[in-house]
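Residue-level structural notes
Each chain, letter by letter, is given below.
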Amino acid sequence: MMKRDAANTNSIWGVLTGMAGALALLAATPAFAWTQAEIDAAIATLDTPEARLCPESNGSKLELPYEIKDINGDAIDEIIVHQQASGAASCFGHAGSEISLLISDGKGGWTDTFGFPGSDLAFHPRTDSDWPDVEILGPGFCFPVWRYHEGSYGIWRTCEDGKLVYAEGLRDNAVPSGLASGVAKPKPASHSGGNGIGTLSPVEVIDVASLDGIPYDHNGSIMIVDGAKGVIVYDHPKNSIAGTVKRGTVLFRGKPWDMNNPDGASIDGVAHTFKKGCDATEYPVRGRYHVMYGMSQFTLEGAAPIRSKTNCDITGHSMTSGNARLKFDIAWD
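Values in this document were obtained by computation on a predicted structure and should not be read as measured data. (Residues numbered from 1 in each chain as written. Predicted model: local features only at pLDDT ≥ 70, side-chain atom pairs only at ≥ 80, totals over all residues. Heavy atoms only, no water.)

Some points on the state of the cysteines
Our working rule: Note on terminology: disulfide denotes any pair of cysteine sulfur atoms within 2.5 Å. Helix numbers and strand numbers start at the N terminus; a helix is a DSSP run of H or I with at least 4 residues, a strand a run of E with at least 2.
Considering all chains together, one arrives at three disulfides under this definition. The partner cysteine of Cys-142 in its disulfide is Cys-159, sulfur to sulfur 2.2 Å. Disulfide Cys-142-Cys-159: the torsion about the S-S bond is -95°, which places it as left-handed. Of this pair, Cys-142 sits in the loop between β7 (133–137) and β8 (145–149) while Cys-159 sits in strand β9 (residues 152–160), and the two are 17 residues apart along the sequence. Each sulfur in the disulfide pair Cys-278 and Cys-312 lies 2.0 Å from the other. Given an S-S torsion of about -75°, the disulfide between Cys-278 and Cys-312 has left-handed geometry. Of this pair, Cys-278 sits in the loop between β17 (265–271) and β18 (280–289) while Cys-312 sits in the loop between β20 (304–307) and β21 (314–318), placing them 34 residues apart in sequence. When the cysteines engaged in disulfides are numbered in sequence order, the protein chain pairs them as 1-2, 3-4, 5-6.

Description of the nonpolar core
As a reminder of what qualifies: By nonpolar core is meant a set of buried Ala, Val, Leu, Ile, Met, Phe, Trp, Tyr and Cys residues that side-chain atoms within 4.5 Å join together. Using a 1.4 Å probe on the protein chains alone, a residue whose accessible area is under 20% of its type maximum counts as buried, one over 50% counts as exposed, and one in between counts as partly exposed. Here, two residues are considered to be in contact whenever any of their heavy atoms come within 4.5 Å of each other.
Counting residues in hydrophobic clusters, the biggest one holds 23 residues, and the most contacted among them are Ile-232, Trp-257, Tyr-289, Phe-298, Leu-300 and Phe-328. Elements represented by at least two residues in this core include exactly β13 (214–218), β14 (221–226), β15 (231–236), β16 (250–254), β17, β18, β19 (297–301) and β22 (325–330). Residue contacts for Trp-257: discarding those within four places in its chain leaves Val-225, Gly-227, Ala-228, Gly-230, Val-231, Ile-232, Phe-252, Ala-265, Ser-266, Ile-267 and Tyr-289.

As for the layout of surface pockets
Let me state the cut-off plainly: Of the grid points, spaced at 1 Å and generated over the protein atoms alone, those admitting a 1.4 Å probe that cannot get out make up cavities, while open sets with protein on both sides within 12 Å along at least five of seven lines make up pockets; any residue with an atom within 4 Å of a point is treated as lining. Grid points are joined across faces, edges and corners, and a volume is the space filled by probe spheres set on the points. Think of it as three bins: nonpolar holds Ala, Val, Leu, Ile, Met, Phe, Trp, Tyr, Cys and Pro, charged holds Asp, Glu, Lys and Arg, and polar takes everything else, Gly as well.
Taken as a whole, the largest pocket spans an internal volume of roughly 910 Å³. Lining the largest pocket we find 40 residues, and of these Arg-157, Val-208, Leu-211, Asp-212 and Gly-213 sit closest to its centre. Every element with two or more residues in the lining of the largest pocket is listed here: β7, β9, β10 (163–166), β13 and β14. For the lining of the largest pocket, the class distribution of residues is 21 nonpolar, six polar and 13 charged.

What about the sheet that holds β9?
For clarity, the threshold we go by: Strand pairing requires that DSSP identify at least two bridges connecting the strands. Here an angle of 0 to 180 degrees is reported between the N-to-C directions of two axes, which are lines fitted to C-alpha atoms, with helices fitted over the stretch in contact.
Strand order in the open sheet formed by five strands is β6-β7-β8-β9-β10, with antiparallel pairing between adjacent strands. A single partner strand is all that each edge strand has here, and the edge strands are β6 (120–124) and β10. Within this sheet the neighbouring strands show an average axis-to-axis angle of 35°, counted without direction.

Looking at the environment of Asp-329
Under the convention used in this document: By the criterion applied in these results, polar contacts are pairs of N or O atoms within 3.5 Å in which, for protein atoms, one can donate a hydrogen and the other can accept it, and in which residues neighboring in sequence qualify only through two side-chain atoms.
Within the secondary structure, Asp-329 is located in strand β22. In the structure, Asp-329 is positioned 114 residues away from Pro-215 in sequence and 8.7 Å away in space, judged by C-alpha atoms. Setting aside residues no more than four positions away along its own chain, Asp-329 makes contact with Tyr-216, Asp-217, Ser-296 and Gln-297. There is a polar contact of 3.4 Å between the side chain of Asp-329 and the side chain of Gln-297.

With respect to the pattern of salt bridges
Under the convention used in this document: Each reported salt bridge corresponds to a side-chain nitrogen of Lys or Arg within 4 Å of a carboxyl oxygen of Asp or Glu.
For the structure on display, the rule yields 12 salt bridges. Between Arg-147 and Asp-133 there is a salt bridge whose closest N-O contact spans 2.7 Å. Placement of Arg-147 in strand β8 and of Asp-133 in strand β7 is noted, with a sequence separation of 14 residues between them. By relative accessible area, which is 3% here, Asp-133 ends up buried. Within the structure, one salt-bridge network assembled from shared partners comprises Arg-126, Asp-133, Arg-147 and Asp-207.

Section: the packing of aromatic side chains
For the record, the criterion: Only Phe, Tyr and Trp rings take part, Trp by its six-membered ring, and two of them pair if their centres are within 6.5 Å. Stacked means planes under 30 degrees apart, edge-to-face means over 60, and tilted covers everything else.
A full pass over the atoms with the stated rule returns 13 aromatic pairs. Relative to Trp-146, the ring of Phe-114 has its centre 5.3 Å away and its plane inclined at 80°; by these criteria the two rings are edge-to-face. Remark: Trp-146 occurs in strand β8 and Phe-114 occurs in the loop between β4 (110–112) and β5 (116–117); sequence separation between them is 32 residues. On the basis of relative accessible area, Phe-114 is assigned to the buried category, the value being 8%.

Some remarks on helix α2 (residues 36–44)
The following threshold applies: Directions pointing from the helix axis toward each C-beta atom define the arc.
If you check which residues of α2 are buried, you get Ile-39, Ala-42 and Ile-43. Seen along its axis, α2 keeps its buried residues to an arc of 95°; they face one direction. Buried residues belonging to α2 abut β1 (66–69), β2 (78–83), β3 (98–104) and β4.

Section: the pairing of β19
Every second residue of β19 is oriented toward a common face, the buried set being Phe-298 and Leu-300 and the non-buried set Gln-297, Thr-299 and Glu-301. Across two bridges, the pairing between β18 and β19 is antiparallel. Paired with Gly-287 across the two strands is Leu-300, which belongs to β19. Pairing geometry for β19 and β22, over five bridges, is antiparallel. If you follow Phe-298 over to β22, its bridge partner there is Phe-328.

What follows is the structure in structure tokens.
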């Protein structure tokens, strides 16, 4: 009887050990992975007579090295493919290769997202979408940026005279400038504090990549000043406030102004102060932006809120506090 019990115990232990091993294997396996046959079939969609024509006419052979990468975090891999040919680089322009991002359509097919000259892809995560912006790298100093919009990638920012500008109005089917996922986000609603003094609003964070402004230093933090959109946003908050203010946090929002107007421009809007765990305060500020200073600096002034030391409330306003005069110095070397 004891021998049978021991045998049963060993048998059960063997089953449990096998199950544990299987579970460990499942845990170590990605949620979804393409088989080699599926990868080969995807890449074969790029191996066309047209693609082979130039390399073969130059005594070379089309090469299709690839990289597997889940770019949007959905556990379904995309495939990055470089079309190139040793000894026939001229077939693919100055970049030396043609680059494709193959995205599964979920039905056994693949969409070739780019398919034009480029040396590599740089992915820039977004705060409002799982699909990153994609910068098409190549020779030169300015590279176009594509954005995922309404189910596919489209040109969002393009190069004009060596400068990155919005493609809207310049390129066909461009992704709208300033839009994140196709729907403009409303400004967070304002409300009074618990004691009825002053105005609070949820902290507003926007995509820095949607701005086309100039970098300025503000108390050790690097800001992006975009007059055309009427916003001043934290690009690189200084270490002492990094736990409270993150990249993309809106410090100021107001009426747009022309930063190139030779007569200068008035800046009029609402600034914010921040306290960890609390909504932002709001207070009106005004200033003047003038080219006579070489755009090197400007200030915004207004009666700044004073926070309670024990909660999120505003207890009053002051024209002498540190937030009553906001100074900005250009950050270019």
